[in-house]
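Below are the chains, spelled out letter by letter.
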Amino acid sequence: ADLVTTCFGGRNRACAEAFAKGEGSWEEIEKSKLNGQKLQGTITSKDVMTVLKHKKLEAEFPLFTRIHEIAFEGKDPKTIVEL
């Protein structure tokens, strides 16, 4: 039940939807939607990508790499389906 709630109603999902719709930066979305709470997903994504890059494993994790590119490197969210 926890996984289903997170995937369909969690704050990371809701904020990711707002980001994909162009409603602002991660910081702006946190401020407008989370009442002072912080997203854990964005922090975790940065940490994991640091490890993948250090170990040169980006190609072995294309979905994660694309998500990071969208979230932090300006890639269009529509490119998620181009993998």
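Since the structure is predicted, the reported quantities are computational estimates derived from the model, not experimental observations.

## What about unusual backbone geometry?
Point 1. Positive phi outside glycine occurs at Asn35, with the angle close to 50 degrees.
Point 2. Relative to the assigned elements, Asn35 resides in the loop between helix 3 (26-33) and helix 4 (41-54).

## Some words on the pattern of salt bridges
Point 1. Considering all chains together, one arrives at six salt bridges under this definition.
Point 2. Two residues, Lys21 and Glu17, come together in a salt bridge whose shortest N-O distance is 2.9 Å.
Point 3. Among the residues examined, Glu17 registers a relative accessible area of 35% and is labelled partly exposed.
Point 4. Here Lys38 ties to Glu30 by a salt bridge, and the two come within 3.1 Å at their closest N and O atoms.
Point 5. One connected set of salt bridges, linked through shared partners, spans Arg13, Glu17 and Lys21.

## Observations regarding a nonpolar patch on the surface
Point 1. A cluster of nonpolar side chains, contributed by Leu63, Ile67 and Leu83, occupies part of the molecular surface with about 280 Å² of accessible area.
Point 2. Inspection of the secondary structure puts Leu63 in helix 5 (residues 62-72).

## Quick word on the confidence of the model for the protein
Point 1. The share of residues in the protein with pLDDT of 70 or more is 99%, and the mean pLDDT across the chain is 90.
Point 2. Helix 1 (residues 2-9) is the least confidently modelled element of the protein, averaging 74 in pLDDT, while helix 5 averages 94, the highest of any element.

## Focus on the nonpolar core
Point 1. In this structure, Cys15, Ala18, Phe19, Trp26, Ile29, Leu34, Leu39, Ile70 and Ala71 together form the largest nonpolar core, which totals nine residues.
Point 2. Among the elements of the structure, helix 2 (11-20), helix 3 and helix 5 are those that each provide at least two residues to this core.
Point 3. Here this core takes three residues from helix 2, the largest share from any one element.

## Looking at the packing of helix 4 against helix 5
Point 1. With their axes 10 Å apart at the nearest point, helix 4 and helix 5 run at an angle of 125 degrees to one another. Of the possible angle classes, the one that applies to helix 4 and helix 5 is oblique. Judged by the twist between their axes, the crossing of helix 4 over helix 5 is left-handed. Contacts from Thr42, Ser45, Lys46, Val48, Met49 and Leu52 of helix 4 reach helix 5 at Phe64, Thr65, His68 and Phe72.
Point 2. Counted by class, the contact of helix 4 with helix 5 contains five nonpolar, four polar and one charged residues.

Scoring rules and cut-offs
- Residues numbered from 1 in each chain as written.
- Predicted model: local features only at pLDDT ≥ 70, side-chain atom pairs only at ≥ 80, totals over all residues.
- Heavy atoms only, no water.
- Helix = DSSP H or I, 4+ residues; strand = E, 2+ residues; numbered from the N terminus.
- Salt bridge = Lys/Arg side-chain N within 4 Å of Asp/Glu carboxyl O.
- Buried < 20%, exposed > 50% of the residue type's maximum accessible area, 1.4 Å probe, protein only.
- Patch = residues over 30% accessible without salt bridge, like charges linked within 9 Å, V, L, I, M, F, W, Y side chains within 5 Å.
- Areas by Shrake-Rupley, 256 points an atom, 1.4 Å probe, with all protein chains shown as cover.
- pLDDT = per-residue confidence, 0-100.
- Core = buried A, V, L, I, M, F, W, Y, C linked by side-chain atoms within 4.5 Å.
- Axes fitted to C-alpha atoms, helices over the stretch in contact; angles between N-to-C directions.
- Parallel < 35°, antiparallel > 145°, perpendicular 65-115°, else oblique.
- Left-handed = near helix turned anticlockwise from the far one by under 90°.
- Contact = heavy atoms within 4.5 Å.
- Nonpolar A, V, L, I, M, F, W, Y, C, P; charged D, E, K, R; others polar.

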